[in-house]
Structure formats: structure tokens, C-alpha cells
Amino acid sequence: MIQQLTLEWLNSESQIPQALWDNCFPAPYEGQWWYRSLECSHLERQFTFTYGLISYNSEPVAIAPAFVMELAGVGEFGGKGNVVMFVFDAFPPVQQRGVIADTIFKHNPDIKVLDRVTPDVKDGGIADSRAKMEAILAANPKKGSIAAVWAAWDQPALGALQAIEAAGRTDEGIVITGIDANPQAREAIAKGGNFEASMAQDFKGIGATTAEAVKRHLGGEKIKQSVIYVPTTLITSANAGK
């Protein structure tokens, strides 16, 4: 049976049941009270508050609060244009990233998914992603025909970057983003070219959070939430070298 993960975007913390808040954000984590306070803080000019309600087979299981803001140097294609996606639905963690990206693009009518590519990952995905991106570039030769490349992990983003550079189309402003912020991606991002951003996972934080959850469990506490989220860091040319 294929696992069905869905994402629904909500505009207020009040649209989410209190019980789910309690399960996902137990004390001492900031929960519903925190986001309710932020919504009442008149920060509309700085942020747009939104909440991703993640469901598994139609059953709500997680909340993904988000602050949407304009980031200098990222997303300069202006929220419209043709986007190429690199996905890998056979691996659940990467598949979940694609589900969220699909939902975001679907709810932005000015964004069109030009192609949704699943690369061969025998080498990690760089070589085949480059070959597939070269074919997409050849099929869309007009400047501006491709606004951005969204990759569910960094290797396809790097392959797409190589294809764009080899085609001599770096000056078209094609924005590339990846996920994981591996060393090769950080190096490319630091150069300030088409590869503009990636997301870095906090592996030390993941380890510490896991250890804390085990400690709580061994201490007799019932861990209610099925998923514990650890914050990530947006990597751009401003901090890629740090």
C-alpha cells in the first residue's frame, strides 16, 4: 500500500485542534499559545503566518508552522514562471519534501511545473540530473522559459547547475534550490551563482533531541508525538562559508 501524505495550508492556529497542538508541541516547546501570541503581535508587514497540516491517509499527524517572508537573494524569479522539479518518491523522507513543494506550487497559479524529474540515483543523482536538465534546456531554448529549479536534495541541484553552466545560460537568472546543504552544495552557493540556497539539517540537534526523547521514555513519560521536528537552517551565499 502506498503511503498517502498530504499537506493543507491553514491561515490561523485556531484552525488546528488543540489536541494536535499538544501532541506535536508538548511542553517545553512553544505551542499553540506561542503562535496565537505572534498572530496578535501586528507583524503582518514582516511575516505571513501559515500552518501546514500534514495528514497520513487522511488522518492529521503533524503541524508545520511557517513564517513566510521575502529573502534577499532567494527566489528572485518573483513567484511566477516555469519550474523544474527533481524528486525521488521511492524514498519516503524525500517524497515528503516533494509533497510539500507540489502543494506550494499548486497554490501559486503563476507558477507552472514544467517537468517533474526522477533522476537515476546510482551515483547520487548528479550525472543523470545534469543529462536530464540538458535535455530540458534544449527543449526550452528561449530566455526566461525556465525560472527556477527545485531539487529535493542537493545532488540534482548540482547536476542542474552543471547543465545550465555548460549551456551558457547562467545569465538568465534561473534560481536553483536544494536541500541538505552538503559541502559541494555550500561551495556552489558561496560563489553567488544560480545555486542560491539549500536547507541544512542540524544533525547534532537531531542526536540531542533523540537522546532526550529516549531519556524521557526511560523515565516513564509517554511520548505522545509520532514525529519530533528539529529546526533547520537556510543556507545562502551569506552564510554558506561559515
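Here the structure is a predicted model, which means the values were calculated and not measured.

**Q** Where do I start with the sheet that holds strand E8 (residues 195-200) in this structure?
**A** What links the strands of a sheet is backbone hydrogen bonding, and the strands pair in either a parallel or an antiparallel sense. Strands sit in the order E5-E4-E6-E7-E8-E9 across an open sheet of 6 strands; the sheet is mixed. Looking at which strands have only one partner, the edges of the open sheet turn out to be strand E5 (111-117) and strand E9 (233-235). Shown here is a sheet whose adjacent strand axes are inclined to one another by a mean of 20°, direction ignored. Both strand E4 (residues 81-86) and strand E6 (residues 148-151) contribute to a ladder of 4 bridges, which runs parallel.

**Q** Help me understand the side chain of Ser-55, please; the structure alone is not making it clear to me.
**A** Tracing the chain through its elements places Ser-55 in strand E2 (residues 48-56). Judged by relative accessible area, Ser-55 falls into the buried class, the value being 8%. Not counting the four nearest positions on each side in its chain, Ser-55 is found in contact with Gln-4, Leu-5, Thr-6, Pro-60 and Val-61.

**Q** How do you make sense of the packing of helix H5 (residues 154-166) against helix H6 (residues 183-190) when you look at a structure like this?
**A** Geometrically, a packed helix pair is captured by the angle between its two axes and the distance between the axes. Where H5 contacts H6, the two axes come as close as 9 Å, and the packing angle between them is 45°. In terms of orientation, H5 lies oblique with respect to H6. You can see that H5 and H6 cross each other, and the crossing is left-handed. Facing Asp-154, Leu-158 and Leu-161 of H5, the residues of H6 in contact are Gln-184, Ala-185 and Ala-188. Along the lines of polarity and charge, the residues of the contact of H5 with H6 split into 4 nonpolar, 1 polar and 1 charged.

Reading the values: the criteria
Residue positions are counted from 1 within each chain, in the order its sequence is given. Per-residue local features of the predicted model are confined to residues with pLDDT of at least 70, and side-chain atom pairs are confined, for both listing and counting, to 80 or more; whole-chain, interface and lining totals are unaffected and use all residues. The basis for every side-chain value is the complete set of heavy atoms in the structure, and neither hydrogens nor water enter the calculation. Here a strand pair is declared whenever DSSP counts at least two bridges between the two strands. We count a stretch as a helix when DSSP gives it H or I for four or more residues in a row; a strand needs E for two or more, and each element gets its number in order from the N terminus. Throughout, an axis means a line fitted to C-alpha atoms (over the contacting stretch in the case of helices), and angles, computed between N-to-C directions, take values from 0 to 180 degrees. Buried residues are those whose accessible area, probed at 1.4 Å on protein chains only, stays under 20% of the maximum for their type, while exposed residues exceed 50% and partly exposed ones sit between those limits. Whether two residues are in contact is decided by their heavy atoms: any pair within 4.5 Å suffices. Working rule for angles: under 35 degrees goes down as roughly parallel, over 145 as roughly antiparallel, 65 to 115 as roughly perpendicular, anything else as oblique. In this scheme the crossing of two helices becomes right-handed for a clockwise turn of the near helix relative to the far one and left-handed for an anticlockwise turn of less than a right angle. Basically, the charged four are Asp, Glu, Lys and Arg, the nonpolar ten are Ala, Val, Leu, Ile, Met, Phe, Trp, Tyr, Cys and Pro, and anything else, Gly included, counts as polar.

Purely spatial values, then, with no claim about function.
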